[in-house]
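# Chains, contacts and geometry: an overview
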There are 2 protein chains.
Amino acid sequence: MHLDPRRLAALRAVADAGGVLAAAKVLHLTPSAVSQHLARLEAETGVTLLDRSRADGRRAVGLTPAGRLLAEHAGRVAVVLAEAERDLAELTGQVTGRVVVAAFPTAMEHLVGPAAAAVHAGSPHVRVSVREFDPEPALAALRAGGVDLVITETYPDARPPGLGGTWLLDDGFRVVTPPDWGSGVEGALTRPWVSGSPGSAARVALDRLAARYDVVLRREHECLEFPAALALVSAGLAAAVVPGLAVPAELPAGVRVLEASALGARRIGVLHRAGRHEPNPAARQVLDAITARAARVTAGSGQRAR
Amino acid sequence: MHLDPRRLAALRAVADAGGVLAAAKVLHLTPSAVSQHLARLEAETGVTLLDRSRADGRRAVGLTPAGRLLAEHAGRVAVVLAEAERDLAELTGQVTGRVVVAAFPTAMEHLVGPAAAAVHAGSPHVRVSVREFDPEPALAALRAGGVDLVITETYPDARPPGLGGTWLLDDGFRVVTPPDWGSGVEGALTRPWVSGSPGSAARVALDRLAARYDVVLRREHECLEFPAALALVSAGLAAAVVPGLAVPAELPAGVRVLEASALGARRIGVLHRAGRHEPNPAARQVLDAITARAARVTAGSGQRAR
DNA sequence: ACTTATTACGCCGGTCGTAACTATG
DNA sequence: CATAGTTACGACCGGCGTAATAAGT
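Criteria and thresholds
- Residues numbered from 1 in each chain as written.
- Chains lettered and ligands numbered in written order.
- Predicted model: local features only at pLDDT ≥ 70, side-chain atom pairs only at ≥ 80, totals over all residues.
- Heavy atoms only, no water.
- Near = heavy atom within 4 Å.
- Polar contact = N/O pair within 3.5 Å; in protein donor to acceptor, adjacent residues only side chain to side chain.
- Helix = DSSP H or I, 4+ residues; strand = E, 2+ residues; numbered from the N terminus.
- Nonpolar A, V, L, I, M, F, W, Y, C, P; charged D, E, K, R; others polar.
- Contact = heavy atoms within 4.5 Å.
- Buried area = accessible area lost by both parts, 1.4 Å probe.
- Salt bridge = Lys/Arg side-chain N within 4 Å of Asp/Glu carboxyl O.

This next bit is on the protein's contact with DNA strand D. Taken together, 22 residues are adjacent to DNA strand D, and Ser-35 and Val-61 of chain A together with Arg-6, Thr-30 and His-37 of chain B come closest. Here DNA strand D approaches the protein such that, of its atoms within 4 Å, sugar and phosphate make up 76%. Leu-21 of chain A is positioned with one of its backbone polar atoms (N or O) 3.2 Å from a phosphate oxygen of DNA strand D. One of the side-chain N or O atoms of Ser-32 of chain B is found 3.0 Å from a base oxygen in DNA strand D. At the level of elements, helix H2 (20-27) and helix H3 (31-45) of chain A together with helix H1 (5-17) and helix H3 (31-45) of chain B are the ones that each hand at least two residues to the surface near DNA strand D. For the surface near DNA strand D, a count of residues per class yields 6 nonpolar, 8 polar and 8 charged.

Given below as C-alpha cells:
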C-alpha cells in the first residue's frame, strides 16, 4: 500500500483548514476534488480517516486519530519538499533553459530586450529567444508550448482558461503631426492619416479619434510598424496615432507630439501557461525581469508626459 | 515551482541504481517513463540534474551536484512516507472495508470461509462478502470493481493485463465409483458417468480420462456441483471425476475413491486488480489469509492422499 | 553489433469540474 | 432554506508503453 503524497496534501489541508470546503479553497480546487482524494485515500489505506458523525454540533468534518496521524506525516512530507526546494535554489542560481518570448516590436525594444539582458547578466544559463508574432498565433503557440511568454497589447480582463498573466503597463496613445499643421488635433482632421495594421490597438484608437470628432478621416497610408508611420509624419505626408512607447525619446525632426488622453491606451501585459509546474524558474525569471522593466518604463514615460 | 514527489522518486532511483535502465527496473517502469520524468523534472526546476557527458568511459548517466542534492532530499521524502505508512499500520489494525470475493463452492468451503473467519477474528472492521460467480462474469466484475478477489480453478500462466494474482494449490482429480464396480478405473469405463458443468475443469478432466483410455463414456448425468455428483455415485448410479477437495474427509457410504494422477489437477489461484494502490490493505489481508489457508489445505490433502 | 538513453506518438487511467443529491441545523 | 459534503458523469491532461532514433564503445 503506497501512500500518495498528493492525497496526503489534501488530508493535511483538511486538517489545517478545518473542513473540505476550506481545504478546497486553500488548494485551489473544488470541494469535489478534495472529497474524492479523501475517499480514495481511505479506500487505499483501508483506514477511516474522517469523522463524519456531526453529532456534537460541529459543522465540518473532523479527523479520526488515524487521520490526524497521517495529516501530521503529511506535514512532514511538505516540510521536506520545501527544504529540498530551498536547498536547490540556494545551491545554484544555475537556472537553465530556453525561454521563448513572443512580442511586438515596441515591447521588444522597451521591455523584452532590456529584461533579457538583465536576466542574462544574472543567470547566464537562461537563454531568451524573442520572436515576433501576430496576436492570435502567439496564443496558439503559447498553448502548444512553442512559446513560453506572450507580450500582448490587449491584455484581457478575464484571462483565458489555462493561462495566467500579469498586467504590465498602459501605453497611452499620442497624435503625431508635422509641426505646421495648425493648432492641436483639430488642425489635422482634414489632412491625410496613417492607419495602423488591421486589428491593432493603434487602429482601434484611430477609430476612436474619428468617432470622438465625428469625422471621416482620410486614411491614405497604412503602416504595420510605428517607425514607418513616424517617417511619413516626419516627411510631412500625414498625421498618425501612435502609442507613447513608439515615440523616440528625442523626437525626429518634423514631428510634433500632441497629447490626446481621450484616445485611451493599449493595455500591455504578459501571458504564460498556468499549471502546477508552470511557469518554470527560467520563465519566471524572465517574467520578473519584464515586470521590473515595465515599472521603470512607466516611471520614465510619466516624466516625459509632463 | 512545486517539486513533484513522483519525479523525485525517479531521480532517487536513478541515483541509487546507477542509470536510467536500472532505475526503470527498480520502479517497474520502462526506461522511457523514467527518462521522461527526469526530463520534466529538469524543465520544471530549471536545473540540470543529469550529467550526460559520458566522456570518462562511464556507461550510464551520472548526476550533477544539484541532482545529487535533490536525490538526497528525495530519499528523505521516501523515508517520511515509509514512516507514515509504518505508524499508520502500527496505530491500528483498524483496517476497514468490504472485500468482495468471487469463488466456486469448493473454494468457498475450504479456502474463503476459513480465511474470512481468520480475518474477521483479527480485523473485525474488515467485512468479507462471498459471491458465487461463473468464471467469465467474475473477471468482468473484478475489473469493474464490483469484486475484489476472484478464486479461479483455471489459474492462468500469463496473467491478464491489469490483474495480478497468486497461485494457491493444485487440486488433483479423483475418480469416484461405487465400491463394487470392478477393479480400478477400468472396471467403470463401460458404466454410466456424471459429467461436470460445461467448461468446468472437471469436465475437461473427464474428457482427458476418455481420451486416455480411448473410449466413449456414457455420460448419463450432468451435475453442476460435486455433492450432487457424489450423491449419484453413492446411490450406485454412476462414476464421476471430482477434485480432491470435493471429496469429504469421511467418505459417504457407497463411495470408493481411486487415484488417477493422469487426470491432472485444477490449478486454483486468486486474482486481483493490480495497481499502485491495489490491492488495498483489507483485500491484502483477505488475500494473505486465503494464501495461508491454501498452504494448510495442501498439507492436509497431502496426508489424506497417502 | 550492443548497450544506454532520448524522442515521437497513441492509448489509457486518473483527476478535475459541473451539477445533482443528501444530510443536518 | 442554507451550509457541508458526497456522488455521478463527462472532459481533459498526464503518464506510460511501443517503437523508432541517437550516440557511444
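It is worth spelling out the interface of chain B and chain A at this point. Counting residues at the interface gives 36 residues for chain B and 36 residues for chain A. Between chain B and chain A lies a buried interface of about 3,400 Å² when both sides are counted; carbon and sulfur atoms form 69% of it. The largest per-residue losses of area from chain B upon contact with chain A belong to Glu-85, Leu-88 and His-277 of chain B, which jointly make up 18% of the total buried on that side. Along the contact surface separating chain B from chain A lie 1 salt bridge. Here Arg-76 of chain B ties to Glu-83 of chain A by a salt bridge, and the two come within 2.6 Å at their closest N and O atoms. Counting the contacts that link chain B with chain A gives 11 residue pairs in polar contact (both at pLDDT 80 or more). Of all the secondary-structure elements, those providing two or more residues to the side of chain B that touches chain A are H1, H3 and helix H4 (65-91) of chain B. Looking at side-chain class alone, the side of chain B that touches chain A contains 18 nonpolar, 10 polar and 8 charged residues.

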